[in-house]
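# Fold and geometry: a report
Each chain is listed here by its residues.
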Amino acid sequence: MKLPSILSVAAEPYSFDLMPAASALLIIDMQRDFLEPGGFGSSLGNDVSQLRRTIGPNQKLLAAWRALGLMVLHTREGHRADLGDLPPSKKARGQGTIRIGDPGPMGRLLVRGEPGHGIIPELAPLPTEVVIDKPGKGAFFSTALDGILRVSNIRQLIVTGVTTEVCVHTTIREANDRGYDCLVPSDCVGSYFPEFQTVGLAMIKAQGGLFGWVTESASILTALGPVA
Ligand code: C5J
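Residues numbered from 1 in each chain as written. Predicted model: local features only at pLDDT ≥ 70, side-chain atom pairs only at ≥ 80, totals over all residues. Heavy atoms only, no water.

The next subject is the site of the ligand. In the region of the ligand, the neighbouring residues are Asp29, Phe34, Glu77, Lys137, Val162, Thr163, Val166 and Cys167. The side chain of Asp29 places a nitrogen or oxygen atom 2.8 Å from a nitrogen atom of the ligand. Take Val162: an N or O atom from its main chain is 3.1 Å from a nitrogen atom of the ligand. When the free accessible area of the ligand is taken as 230 Å², the share hidden by the protein chains comes to 91%. (Near = heavy atom within 4 Å. Polar contact = N/O pair within 3.5 Å; in protein donor to acceptor, adjacent residues only side chain to side chain. Areas by Shrake-Rupley, 256 points an atom, 1.4 Å probe, with all protein chains shown as cover.)

What follows is the structure, given as structure tokens:
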């Protein structure tokens, strides 16, 4: 189905002019290590149920995006098995009893190739979709993301995933500085801390759209129309 070149999405601080051909769905770190008990997130004492409410809305948006043949990218936070890309400062942070690289119920925490590092089965990437492995919080740091987006003439990002105030925020800030417009569906991003969710979203849309726009997935689906 041919989509209009511009679709208006109800958003804050004002409507977002979505250009489907120039936009990509960027799903941040929907990994077992953050969303399932026994992973990195729960090892820090977090309640993973706070993040799991984002799964259903992400599934719906992803299905619509795929049905329209639009670009989808997934990211995974994690490190090499030899931890050669893990700054000592990041490993030491938190003073937890177990740390990045240590064994846990889903393998070594936040290490590439371990079961916990994988994307949750509900949102498993298709073989045709790009998966960006990132060692940092931002998806542009030390990855090929910017180059991949530019080759595909992508200028707009629908950013979803976890966590709102950490990897989602850092990625949006990086994208913003590189000239991308970011639209964030609030029900598709999650934080372990309800107050950070509220403030994180408020910061994105503050001052006329400091870092981007905030909407709900239903508004994007409405704009995309019947195929979605
Ligand atoms: C965190 C992330 N919270 N994906 N990572 O450490 O937000």
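Glancing now at the pairing of strand S8 (residues 156-162). With 7 of its 7 residues buried, S8 lies for the most part within the structure. Burial of S8 is two-sided: the residues Gln156, Ile158, Thr160 and Val162 facing one way and the residues Leu157, Val159 and Gly161 facing the other way are all buried. The pairing of strand S3 (residues 23-28) with S8 spans 6 bridges and is parallel. Note on S8: the bridge partner recorded for Ser23 is Gln156. Tracing the backbone out of S8, into helix H7 (residues 164-177) and back to the parallel element strand S9 (residues 181-185) gives a crossover that is right-handed. Sheet topology note: the S8/strand S10 (residues 189-190) ladder contains 2 bridges and is parallel. Residue pairing across strands places Val162 opposite Gly190, the latter belonging to S10. (Buried < 20%, exposed > 50% of the residue type's maximum accessible area, 1.4 Å probe, protein only. Helix = DSSP H or I, 4+ residues; strand = E, 2+ residues; numbered from the N terminus. Pairing = 2+ DSSP bridges. Right-handed = clockwise from strand over helix to strand, strands pointing away.)

On to the environment of Ile220, then. Tracing the backbone through its elements, the reader meets Ile220 in helix H9 (residues 217-224). The class of Ile220 is buried, set by a relative accessible area of 0%. Along the chain, Ile220 and Val151 lie 69 residues apart, while their C-alpha atoms are 25 Å from each other. Ignoring sequence-local partners within four residues, the contact set of Ile220 consists of Val9, Leu61, Trp65, Ile158, Leu183, Pro185 and Thr215. (Contact = heavy atoms within 4.5 Å.)

Contact geometry for helix H4 (residues 55-67) and H9: axes closest at 10 Å, N-to-C directions at 20 degrees. By the criterion of interaxial angle, the relationship of H4 to H9 is roughly parallel. Crossing angle aside, the handedness with which H4 passes H9 is left-handed. Across from Pro57, Lys60, Leu61, Ala64 and Trp65 in H4, the residues of H9 making contact are Ser217, Ile220, Leu221 and Leu224. (Axes fitted to C-alpha atoms, helices over the stretch in contact; angles between N-to-C directions. Parallel < 35°, antiparallel > 145°, perpendicular 65-115°, else oblique. Left-handed = near helix turned anticlockwise from the far one by under 90°.)

Attention now goes to the packing of aromatic side chains. By the definition in use, this model includes 5 aromatic pairs. Measuring from ring centre to ring centre gives 5.5 Å for Tyr14 and Trp213, while their planes differ by 80 degrees; the resulting arrangement is edge-to-face. Here Tyr14 is found in the loop between strand S1 (7-9) and strand S2 (16-18), whereas its partner Trp213 is found in strand S11 (residues 213-215), with 199 residues between them in sequence. Where Phe16 meets Trp213, the ring centres are 4.9 Å apart and the plane angle is 75 degrees; that geometry is what we call edge-to-face. In this pair, Phe16 is assigned in strand S2 and Trp213 in strand S11, connecting sequence segments 197 residues apart. An identical accessibility class is assigned to Phe16 and Trp213; each is buried. (Phe/Tyr/Trp six-rings, centres within 6.5 Å; stacked < 30°, edge-to-face > 60°.)

The quantities given are spatial measurements derived from coordinates; they are silent on function.
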